[in-house]
Amino acid sequence: MANKISDETIEYVGILAKLELSSEEKENAKADMEKMLDYIDTLNELDTEGVIPMSHIFPVNNVFREDAASQKDGSRETLANAPQSKDNSFKVPRTIG
C-alpha cells in the first residue's frame, strides 16, 4: 500500500463524523481508507486524454415545454373534469358554518 493513514487522521475523521470508534474499528477504518486511496491512485493511471468531464452519467435535457402565449384559457376543459360546477367555477362543499 502506497498510501498510509495516520492514527491522528483517523482520530480527526472520527471527531468530524462525531463517532466514537474502538481501537479495532479505527484499524478497520484505517485499512479501508488506505484501500480507497490506493484505488484512486489506480484510477489516476487511466488515460483520460480527450475525455470530456461530465456531471451526470445520462444526458440531461430540458423537459419543459415551450412557453407560448395563446388566447385559449382552457377553463371549459378544466371544468369538464370537475365533479360539480356552478357559474364557470368549481362547486365545493361549504367548509365555514
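Being a predicted model, the structure only gives us computed values, none of them experimental.

Definitions and cut-offs
- Residues numbered from 1 in each chain as written.
- Predicted model: local features only at pLDDT ≥ 70, side-chain atom pairs only at ≥ 80, totals over all residues.
- Heavy atoms only, no water.
- Helix = DSSP H or I, 4+ residues; strand = E, 2+ residues; numbered from the N terminus.
- Buried < 20%, exposed > 50% of the residue type's maximum accessible area, 1.4 Å probe, protein only.
- Contact = heavy atoms within 4.5 Å.
- Areas by Shrake-Rupley, 256 points an atom, 1.4 Å probe, with all protein chains shown as cover.
- Patch = residues over 30% accessible without salt bridge, like charges linked within 9 Å, V, L, I, M, F, W, Y side chains within 5 Å.
- Salt bridge = Lys/Arg side-chain N within 4 Å of Asp/Glu carboxyl O.
- Lys, Arg positive; Asp, Glu negative; His and termini not counted.
- pLDDT = per-residue confidence, 0-100.

### Topic: the overall build of the protein chain
Of the regular secondary structure elements, the protein chain holds three helices and two strands. In the protein chain, which comprises 97 residues, the proportion classed as buried is 9%. Expressed as a percentage of contacts within the protein chain between residues at least 6 apart in sequence, the contacts between residues at least 24 apart total 43%. Accessible surface for the protein chain amounts to roughly 9,700 Å². Of this, 54% is attributable to carbon and sulfur atoms.

### Describing a nonpolar patch on the surface
A cluster of nonpolar side chains, Tyr39, Leu43 and Leu46, forms an exposed patch at the surface whose accessible area comes to about 320 Å². As for its position among the elements, Tyr39 is in helix H2 (residues 23-44).

### Describing the side chain of Glu34
Tracing the sequence through the fold places Glu34 in helix H2. Comment: no salt bridge for buried Glu34; closest opposite-charge side chain is Lys4, at 4.8 Å.

### Considering the confidence of the model for the protein chain
On average, the protein chain scores 88 in pLDDT, and the residues at 70 or more come to 98%. Ranking the elements of the protein chain by mean pLDDT puts helix H3 (residues 75-80) last with 86 and helix H1 (residues 7-16) first with 93.

### Points about the pattern of salt bridges
For the structure on display, the rule yields four salt bridges. The partner of Glu27 in a salt bridge is Lys30, and the shortest N-O contact between them spans 4.0 Å. In this pair, Glu27 and Lys30 are both assigned in helix H2, three residues apart and thus about one turn of the helix distant. Note on Glu27: relative accessible area 44%, which makes it partly exposed. Here Lys72 and Glu77 are joined by a salt bridge, their closest N and O atoms 3.6 Å apart. For Lys72, a relative accessible area of 62% gives the class exposed. Linked by salt bridges that have partners in common, Asp7, Glu27 and Lys30 make up one network.

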